[in-house]
Amino acid sequence: MKFLDEAKVYIRSGDGGAGAVSFRREKFVEFGGPDGGDGGRGGDVWVEAVNGLNTLIDFRFQQHFKGQTGTHGMGRNRTGANGGDVTLKVPVGTQIFEEDNETLIIDLTREGQRFRLAKGGNGGFGNTHFKSATNQAPNWANPGLEGEEKTIWLRLKLIADAGLVGMPNAGKSTFLASVTRARPKIANYPFTTLHPNLGVATIDGREFVLADIPGLIEGAHEGVGIGDRFLGHVERTRVLLHLVSAVEEKVGKSYKTVKNELEAYGGGLIDKPVIVALSQIDVLDDKELKKKAKELEKACGQTPFLISAVTGKGMTEVLRALRDVIVEASGVNETALPDRSTPIQDFDEDEDA
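Residues numbered from 1 in each chain as written. Predicted model: local features only at pLDDT ≥ 70, side-chain atom pairs only at ≥ 80, totals over all residues. Heavy atoms only, no water.

Examining the sheet that holds strand β10 (residues 197-203)
Then, number 1: Strand order in the open sheet formed by six strands is β10-β11-β9-β12-β13-β14, with mixed pairing between adjacent strands. Only two strands of the sheet have a single partner each, and these edge strands are β10 and β14 (305-306).
Then, number 2: Direction of pairing for strand β13 (residues 274-279) relative to β14: parallel, over a ladder of two bridges. The residue of β14 that forms the bridge with A277 is F305.
Then, number 3: Of the strands in this sheet, β9 (162-166), β10, β11 (206-212), β12 (239-245), β13 and β14 are in contact with helix α5 (residues 315-330), which crosses β11 at around 100°. (Pairing = 2+ DSSP bridges. Helix = DSSP H or I, 4+ residues; strand = E, 2+ residues; numbered from the N terminus. Contact = heavy atoms within 4.5 Å. Axes fitted to C-alpha atoms, helices over the stretch in contact; angles between N-to-C directions.)

Shown next as structure tokens:
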């Protein structure tokens, strides 16, 4: 399945059904009078966050969603049926924007959360509604109101507890594959990872979700390489694991390059807790390892973890460090990963969400 994290969609709610103009015409009923029924409401357009999806690829093949038109009213005071609603099912973590792609409508952060994007038109009144003492036989009815239409943008930001950042070939995918059951593509050339990957890591009986994103190079915020747009998928994380490859000639410079790109991107990434690790240490001898570890410590201001996903060295320690930050953050920042045990309510544009 291909990964798609942004889609443009046209939506239109259903029109209301027209009211009916009808009169009773029965053999033994004198002065029958009007009996035209009201039209039914048009169908609404809803969006719902569901489990089991991690891409917006479905919206590449269908970009138009329309609610059904309400049925027209009929004689004998029969009200038309309401039009059927249509629901856009999206992954948890999807944001809905107006056509300008800047005005946020709703951020769906919990499974089962629903929001009404477009309200169906009301049905028109039949001529029975207009009967009065001075007008016993009204011969008109209301047409149904038109539905709402708009173009919206769907933007997916994956929900994870921890995010992996670093330059290409820093060992992010190898790290993810070694601590989770995810199977990202791994190869010895830059930009092996072209889209985010998720995996569930377990340490000391506690699980947390890891997100691996494509590597960053100098100038990524200006579109160099494959850019920095995938950084949106680690905006919701509680901690970042910054991997610096021991193969790099200047590990301090590599660290600062990625840090500068995170700062240029914004989104609060530079303010998140960061754990730094020197990866792929199995390729160095002790003397060279000590030298690069000292250089990286000077650049980042903290003692880096020394890890090797191939041999497993240092992996347990770094996972425990990630777990500790996640546990600590979960007690003070409930918005990062909402409590899914909270009952979900429906929201629409007319309610104070």
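Now that the structure has been shown, the text picks up again.
Topic: the nonpolar core
Then, number 1: Grouped together as the largest cluster of nonpolar side chains are 40 residues, with contacts concentrated most on I11 and F59.
Then, number 2: Elements represented by at least two residues in this core include exactly β1 (6-12), β2 (45-50), β4 (86-91), β6 (104-108), β7 (114-118), β8 (149-156) and α3 (251-265).
Then, number 3: Discounting chain neighbours no more than four positions away, the residues touching I11 are V45, F65, L88, L117, A118, E148, E149, K150 and I152.
Then, number 4: In this structure, L164, V179, A201 and A277 belong to the second largest nonpolar core, which totals 23 residues. (Core = buried A, V, L, I, M, F, W, Y, C linked by side-chain atoms within 4.5 Å. Buried < 20%, exposed > 50% of the residue type's maximum accessible area, 1.4 Å probe, protein only.)

A short note on α5
Then, number 1: Helix length check: α5, at 16 residues, gives a terminal C-alpha distance of 22 Å against a target of 22 Å (1.5 Å per residue), a fit within 8%.
Then, number 2: Within α5, burial applies to M315, V318, L319, A321, L322, R323, I326, A329 and S330. (Expected span 1.5 Å × (residues − 1).)

Focus on the packing of aromatic side chains
Then, number 1: As enumerated under the stated definition, the model contains two aromatic pairs in all.
Then, number 2: A centroid spacing of 5.8 Å and a plane angle of 55° characterise the contact between F59 and F65, whose relative ring orientation is tilted.
Then, number 3: For F59, a relative accessible area of 6% gives the class buried.
Then, number 4: With centroids separated by 5.9 Å and ring planes inclined at 40°, the aromatic side chains of F130 and W140 adopt a geometry described as tilted. On the criterion of sequence distance, the pair formed by F130 in the loop between β7 and β8 and W140 in the loop between β7 and β8 is long-range, its members being ten residues apart.
Then, number 5: The ring of W46 carries R114 above its face, with NZ or CZ at 4.3 Å from the centroid.
Then, number 6: Sitting over the face of the ring of F97, R155 holds its NZ or CZ atom 4.1 Å from the ring centroid. (Phe/Tyr/Trp six-rings, centres within 6.5 Å; stacked < 30°, edge-to-face > 60°. Lys NZ or Arg CZ within 6 Å of the ring centre and 35° of its normal.)

Bear in mind that shape data such as this cannot, by itself, settle questions of function.
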